[in-house]
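One-letter residues, chain by chain:
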Amino acid sequence: MRDTEDFDTFYAMSSRRVLAQVAMMVDSPAEAEDAVSEAYLRAWNRWHRISRYENPEAWVRQVAYRHAVSAWRKAINRLQAHRRDTTDQSIEALNPDHVAIVAALRKIPADQRRVIVLHHIAGLSVAEIHQETGIPAGTVTTWLARGRRALAAHLTDSDTLETGGEHRDV
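Every chain is numbered on its own, with residues counted from 1 as its sequence reads. Per-residue local features of the predicted model are confined to residues with pLDDT of at least 70, and side-chain atom pairs are confined, for both listing and counting, to 80 or more; whole-chain, interface and lining totals are unaffected and use all residues. Side-chain metrics rest on all non-hydrogen atoms present in the structure, leaving aside hydrogens and water.

Another aspect to go through is helix 2 (residues 29–45). In a regular helix each residue adds 1.5 Å, so 17 residues correspond to 24 Å; helix 2 covers 24 Å between its end C-alpha atoms and thus fits that length. Of the residues making up helix 2, those classed as buried are A32, A35, V36, A39, Y40 and A43. One face of helix 2 carries all of its buried residues, which in axial projection span an arc of 135°. Each helix corresponds to a stretch of at least 4 residues labelled H or I by DSSP, and each strand to a stretch of at least 2 residues labelled E; elements are numbered beginning at the N terminus. The span expected for a helix works out to 1.5 Å for each residue beyond the first. Think of it in three bands: with a 1.4 Å probe and only protein chains considered, a residue is buried below 20% of the maximum accessible area for its type, exposed above 50%, and partly exposed in between. Directions pointing from the helix axis toward each C-beta atom define the arc.

Here it is in structure tokens:
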């Protein structure tokens, strides 16, 4: 017998956060929604076991990420097989900072983007990222450092100069 109330509480407390994190990792809100829905369905079907995990949210996030990657690979294979063009999707943002961060995340390699989101958005430590993803801790640390440098380069406003508290276009 499933503990409906326990699962409902878990879902209510974690679903928005997991959706936001996976959307940033896979760079597609629609794919993230599908993947996160599938992950929570799988968690519900296995809740008697998943609820005893140390971090059920990490399990859901990992399943969602893997599902999204799998769906992406299938889509790419279909597109290559049919030689169709792809269309870009954009994320609606709440403010200019969000837009800049999401745009910068899109410009860095997927592996770096994933660990950046897990560390800085999901708040996981290097050890927790290793535990969740299986990526060696040293590699996580390296990808975090490279990702931060890449993000910094994309987040620097090179079109303005700071002069006495004012910005002047060049």
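On to helix 8 (residues 137–155), then. Across its 19 residues, helix 8 extends 26 Å between first and last C-alpha, which sits within 8% of the 27 Å expected from 1.5 Å per residue. The complete set of buried residues in helix 8 reads V140, W143, L144, G147 and L151. All buried residues of helix 8 project into a common sector of 105° when viewed along the axis, lining one side. Every exposed residue of helix 8 that faces more than 90 degrees away from the buried side is listed here: R149 and A153. Tucked inside the fold, the buried residues of helix 8 contact helix 5 (96–107), helix 6 (110–121) and helix 7 (126–133). Only heavy atoms matter for contacts: two residues are in contact if any of them lie within 4.5 Å across the pair.

A few words now on the environment of I135. Tracing the backbone shows I135 in the loop between helix 7 and helix 8. A residue is classified by how much of its surface remains accessible, and I135, at 11% relative accessible area, is buried. As a C-alpha pair, I135 and D111 span 24 residues in sequence and 9.9 Å in three-dimensional space.

It is worth spelling out the nonpolar core at this point. The set of buried Ala, Val, Leu, Ile, Met, Phe, Trp, Tyr and Cys residues whose side-chain atoms join them within 4.5 Å is what this entry labels a nonpolar core. Formed by 36 residues in total, the largest nonpolar core has its most connected members in V22, Y40, V60, L105 and V115. Listing elements by their share of this core, those giving two or more residues are helix 1 (4–26), helix 2, helix 3 (47–50), helix 4 (56–82), helix 5, helix 6 and helix 8. Among the elements that make up this core, the one with the highest residue count is helix 1 (seven residues). What Y40 contacts, discounting residues up to four positions off in sequence, is F7, F10, Y11, S14, S15, V18 and V60.

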